[in-house]
Amino acid sequence: MLVIGIESSCDETAAAVVRDKKEILSSVIASQIDTHKAFGGVVPEVASRIHVENISGVIQQAIDEAGISMEDVDAVAVTAGPGLVGCLHVGVQGAKTLAAVWNKKPLIPVHHLAGHIYANELVTDLQFPLVALVVSGGNSELVYMKDENSFEILGQTQDDAIGEAYDKVARVMGLGYPGGPVIDKLAQQGEAVYDLPEPKTQGRYDFSFSGLKSGVLQFIKRCERKGQTFTQEDLAASFQKAALDEVFARVKLVLEDHPEVKQFVVGGGVSANSGLRARVDELRQEYPDKTFTVPPMRCCTDNAAMIAVAGEIAAEQGRVADARLTADPGGEIC
């Protein structure tokens, strides 16, 4: 099956062509990071306008680089939500037009988080039941999947997503935007020597990062007030350790409570974090009876290859939309 995927949920305009959930024939991404750096974060209206400018060219480039024509495509998959509504709308309208013009190709709506989970199909066949950790700028969730078409949210952030916390901490440290990669790089050069608050949550599997973010701010203010010095590297390492401790404490609880789980997968932009990947390697040693998978680096951040993969799976389940498909910025994973 040959699927073209379209992704525009935030600030990346992307299109990709994937064959049989495994072979990426093309993957084109038009990034807006340089534009939004000046604002310290994504400005939804600006992002939407740039998507309008980019969408047609990105789709055409993906088709050309794949060496195919639209006649060869079996289905058109698109991120329908969640995300920024104006941004989603551009991708959905583009997909609807493409599907309609080219002999009424099947139109497949894809949940953005399902896309991040199914990105792991590009490196391995998923084994069920599995647990997925989805960590990005807008989401932090633990999802239980008893089969390919079943999603149960076990835990989620009660406030900030982990990627959002990274960006906010980077801002108070004066590191610019996006903050995640910068903090990760600094953390590799430092030591976790500073005490930061341990987040508290009500749900057994839920996350919280707001207090940790505030703890970094208060630490900096306290040092300034007392005339004390600190290193950016050590503070980055201390924050990253605290954030990942919060995540993997919950992951271990889930694995202990669900011994039937065969595989643990990670998805989302934060899955590119070197500290997080190292923690997954530690889990491999601790739970040798389970499979641990992270997606390839090129498929960690928002991309359309993962949408194409998720689209093929959805198509196999008969989940096809029509011309009434609309963007759903708060859509539930299902």
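Data block above holds the structure.
These figures come from a predicted structure and were not determined experimentally.

Chemist: How should I be thinking about the overall build of the chain in this particular structure?
Modeler: Regarding its fold elements, the chain presents ten helices and ten strands. Over its C-alpha atoms the chain spans a radius of gyration of 20 Å, differing by no more than 12% from the 20 Å that the globule rule assigns to 334 residues. Its C-alpha atoms put the chain at 70 × 45 × 30 Å along the principal axes. Split into buried and exposed, the 334 residues of the chain put 55% on the buried side. Expressed as a percentage of contacts within the chain between residues at least 6 apart in sequence, the contacts between residues at least 24 apart total 73%. Working note: accessible area of the chain is about 14,100 Å², and carbon and sulfur atoms make up 49% of it. Separation between the mean location of the 30 positive side-chain charges and that of the 46 negative ones in the chain comes to 4 Å.

Chemist: When you look at the sheet that holds strand β5 (residues 107–111) in this model, what are you seeing that I'm missing?
Modeler: Strands pair in a sheet through their backbones, by hydrogen bonds, and they do so in one of two ways: parallel or antiparallel. Here five strands make up an open sheet; going across it, the order is β3-β2-β1-β4-β5 and the pairing mixed. The open sheet has two free edges, formed respectively by β3 (23–31) and β5, since each of these has just one partner strand. Ignoring which end each strand starts from, the neighbouring axes of this sheet average 20° apart. Here helix α2 (residues 44–66) sits on the sheet in contact with β1 (2–7), β2 (12–19) and β3, set at roughly 20° to β2. Strand contacts of helix α3 (residues 85–101): β1, β4 (75–81) and β5, with the helix running at about 160° to β4, the strand carrying the most contacts.

Chemist: Mind showing me how you'd approach the pairing of β5 here?
Modeler: In regular strands, side chains alternate between the two faces of the sheet. The buried count for β5 comes to four of five residues, which makes it a mostly enclosed element. Bridge count for β4 against β5 is five bridges, and the pairing is parallel. Each bridged residue has a counterpart across the sheet, and for Ala77 the counterpart in β5 is Ile108. Handedness of the crossover joining β4 and β5 through α3 is recorded here as right-handed.

Chemist: Please explain the sheet that holds strand β6 (residues 130–135) as it appears in this structure.
Modeler: One open sheet accounts for five strands, arranged β8-β7-β6-β9-β10; its pairing is mixed. Only two strands of the sheet have a single partner each, and these edge strands are β8 (152–156) and β10 (291–293). Across the sheet, the mean angle separating the axes of adjacent strands is 20° when strand polarity is ignored. Of the strand pairs in this sheet, β6 and strand β7 (residues 140–145) are connected by six bridges, and their pairing is antiparallel. Note on β7: the bridge partner recorded for Val134 is Glu141.

What counts as what
Residues numbered from 1 in each chain as written. Predicted model: local features only at pLDDT ≥ 70, side-chain atom pairs only at ≥ 80, totals over all residues. Heavy atoms only, no water. Helix = DSSP H or I, 4+ residues; strand = E, 2+ residues; numbered from the N terminus. Rg over C-alpha atoms; globule rule 2.2 N^0.38 Å. Buried < 20%, exposed > 50% of the residue type's maximum accessible area, 1.4 Å probe, protein only. Contact = heavy atoms within 4.5 Å. Areas by Shrake-Rupley, 256 points an atom, 1.4 Å probe, with all protein chains shown as cover. Lys, Arg positive; Asp, Glu negative; His and termini not counted. Charge placed at Lys NZ, Arg CZ, Asp CG, Glu CD. Pairing = 2+ DSSP bridges. Axes fitted to C-alpha atoms, helices over the stretch in contact; angles between N-to-C directions. Right-handed = clockwise from strand over helix to strand, strands pointing away.

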